[in-house]
Each structure stands twice: as C-alpha cells, then as structure tokens.
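# A structural walkthrough
Chain residues, written in single-letter form:
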Amino acid sequence: MSKLLFANWKMNPTSEKEAVRLAGAGDAKHVVILVPFLFLSAVKKTLKRARFGVQNVSWEQEGPLTGEISPAMAKKMGAVYSVIGHSERREFFCESDAVIAAKVQAALGAGLIPILCVGEPLSVRRGGRAAAKAYVEQQLSADLSKIQKLKNKKIIIAYEPVWAISTSGGGRETPKDAAEMIGFIRSLLTTHYHLHPIRVLYGGSVNAKNLGRVLAMKEIDGALVGGASLDPAGFRKMVKIAETYQ
Ligand code: PGA
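On to the overall build of the chain, then. From N to C terminus, the chain includes 10 helices and 8 strands. Here the C-alpha coordinates of the chain stretch approximately 45 × 45 × 30 Å along the principal axes. Going through the 246 residues of the chain one by one, you find that 54% of them count as buried. Summing over all exposed atoms, the chain offers an accessible surface of approximately 11600 Å²; the carbon and sulfur share of this is 56%. Counting 34 positive and 21 negative side-chain charges, the chain places the centres of these two groups 7 Å from one another.

Here it is, written out as structure tokens:
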C-alpha cells in the first residue's frame, strides 16, 4: 500500500489567498488536503494532483440544522474524504460516540470516505498500553456501531493519541509504539469487521523531522498532519519524504 499524507489545516488559514498558496505546496498525487469549507471552491480550482476533503460533516444530508454542512454538500463540491471524530471535535464540541457513529454512517451514505479518528487521552495512557488499547477498542466499536456490512465499505482510521497532538516538541509517541497500536487496530478491524485491506494512519505532531521514522513503520499507512501542514516550505519537504514511499 502506498503511503499517503493528509494535511489537516484545522481552522487555518484566515484568507482564501493563503489557502490557495498552501494548497499549491501540497499539490501531489499522494496528498490529501482537509480544507475549511469556505475555501473548498478555491482549493479545488488550485489542485491538479492532490485530492481534498473536509474536516467534519453533519449526521444529516439536509434539513434544519443551522450552521452545519452535510456530507452530500461536501461530496457535491468534490470532497473525497471527511475527518470524523477528531479529538478536538470530541472535546470542544462535545461530540459523543453516538454522534460520531451517525456521522460515519452519513458520510458513507453520501459517498465520502470517512477518516475516523481514535486515540486515548493522557489520563488513560498513564494506565499503560493495555488500558490505551482497551480505550481505542471501545471507541472503534462504538463509532462503527451503526455500520452494517462494513466489509465492502471504504473507511480510513487515524490513530491520534490525544496527548501527542499539537505538541511543540514534535510528538512524544515513538513510531514503534504508534506502530504497535496501529497493528492492534488493524487486527481488530480485520477480525471483527472483516475490513481488509484497511488504511490506518498515525497523527500527532508529525513534522518534517519525524515523518521519515513514522512512515518507515510497515504498520503505518500514512500520516495525518496538523500544524506542520501550515508551513509551505516544511510541508513541501514532507511531500518529498512521502514520495519515497510510493
Ligand atoms: P498536529 O495535529 O500534527 O498539529 O499534532 C494532528 C491532528 O490533530 O490531526
């Protein structure tokens, strides 16, 4: 499986002009840019090779939900992917596993590929690896609970330990530990859900310095990159590194 780079811009940048400039830096075949809704149209026009997606969608395709964007809308704009259940959505927007499960179902229903994020908080990780695995296993089972016949569904899982996201030190999770958890996630998805092959990403302070070590792990099929995707020069370096894994 080739390794993909997913750029999660989060609530950045603040202007369309900057969004277009950033998109230019990541316009490569093995890149997916996860764009704020307002810039979808401009980014779509800019990209020649990379695909794009959104960072969140509603659990409904249309209706009276003020301020929401539906999977059907995103799909019609050309989005291929939607992040679902990012830890920032879980924490700051109080998204429960029930809501996330409904969003996964709606995204699939509209023909989007969900990038379902899972990962344990620091309090759980302090209890050891077994506790972290149990936590992630419970998240997966709750978040995929609405999907019947997962076998033929296209879905991506991103393992992002909450405590490794947005750390200026460049991530405290070692690639080896991340690979072990990702191997565990893959085995769960294969045995319980018959999802195979399945792409599982790692995310959490991945940058130009550590990307090579992350992608070198055979269990890890790509990286979900937040902060480091906002620096055009740095991201260009990351695109080059990922290119060696195509
Ligand atoms: P980060 O974000 O690379 O800034 O840690 C990753 C993510 O939250 O998807």
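Now that the structure is up, let's keep going.
Membership of the largest hydrophobic core comes to 62 residues, with the highest contact counts inside it found for L5, W9, V104, L140, I157, I185 and Y202. Per element, the largest residue contribution to this core is 9 residues, and it comes from helix 8 (residues 175-193). Non-local contacts of I157, meaning those with residues more than four positions away in its chain, are made with L116, V118, L140, I185, L189, I198, R199, V200 and L201. If you look at the next biggest cluster of nonpolar residues, it comprises 13 residues, including V32, C117, A158 and L201.

The subject of this paragraph is helix 1 (residues 16-25). The set of residues buried in helix 1 consists of A19, L22, A23 and A25. All buried residues of helix 1 lie within an arc of 150° about the axis, which places them on one face of the element. The outward face of helix 1, more than 90 degrees from its buried face, is lined by the exposed residues K17 and R21. Buried positions along helix 1 lie against strand 2 (31-34), helix 2 (40-46) and helix 10 (232-243).

Taken N-terminus to C-terminus, the directions of helix 5 (residues 97-110) and helix 7 (residues 129-143) make an angle of 55°; their axes are 8 Å apart at the nearest point. What the angle tells us is that helix 5 and helix 7 run oblique. Residues D97, I100, A101 and V104 of helix 5 pack against Q138, Q139, A142 and D143 of helix 7. Classifying every residue of the contact of helix 5 with helix 7 by side-chain character gives 4 nonpolar, 2 polar and 2 charged.

With that settled, consider the packing of aromatic side chains. Counted by the stated rule, this structure contains 2 aromatic pairs. Consider the rings of F6 and Y81, whose centres lie 5.4 Å apart with planes at 90°: the pair is edge-to-face. Pair noted here: F6 is in strand 1 (residues 4-8) and Y81 is in strand 4 (residues 81-84), with a separation of 75 residues, a long-range link. Accessibility assignment for this pair places F6 and Y81 in one class, buried. Centroid distance Y159 to Y202: 6.2 Å. Interplanar angle 50°. Geometry classified as tilted. With Y159 in strand 6 (residues 156-159) and Y202 in strand 7 (residues 199-203), this residue pair connects regions lying 43 residues apart in the sequence.

Rules behind the numbers
- Residues numbered from 1 in each chain as written.
- Predicted model: local features only at pLDDT ≥ 70, side-chain atom pairs only at ≥ 80, totals over all residues.
- Heavy atoms only, no water.
- Helix = DSSP H or I, 4+ residues; strand = E, 2+ residues; numbered from the N terminus.
- Buried < 20%, exposed > 50% of the residue type's maximum accessible area, 1.4 Å probe, protein only.
- Areas by Shrake-Rupley, 256 points an atom, 1.4 Å probe, with all protein chains shown as cover.
- Lys, Arg positive; Asp, Glu negative; His and termini not counted.
- Charge placed at Lys NZ, Arg CZ, Asp CG, Glu CD.
- Core = buried A, V, L, I, M, F, W, Y, C linked by side-chain atoms within 4.5 Å.
- Contact = heavy atoms within 4.5 Å.
- Arc of directions from axis to C-beta.
- Axes fitted to C-alpha atoms, helices over the stretch in contact; angles between N-to-C directions.
- Parallel < 35°, antiparallel > 145°, perpendicular 65-115°, else oblique.
- Nonpolar A, V, L, I, M, F, W, Y, C, P; charged D, E, K, R; others polar.
- Phe/Tyr/Trp six-rings, centres within 6.5 Å; stacked < 30°, edge-to-face > 60°.

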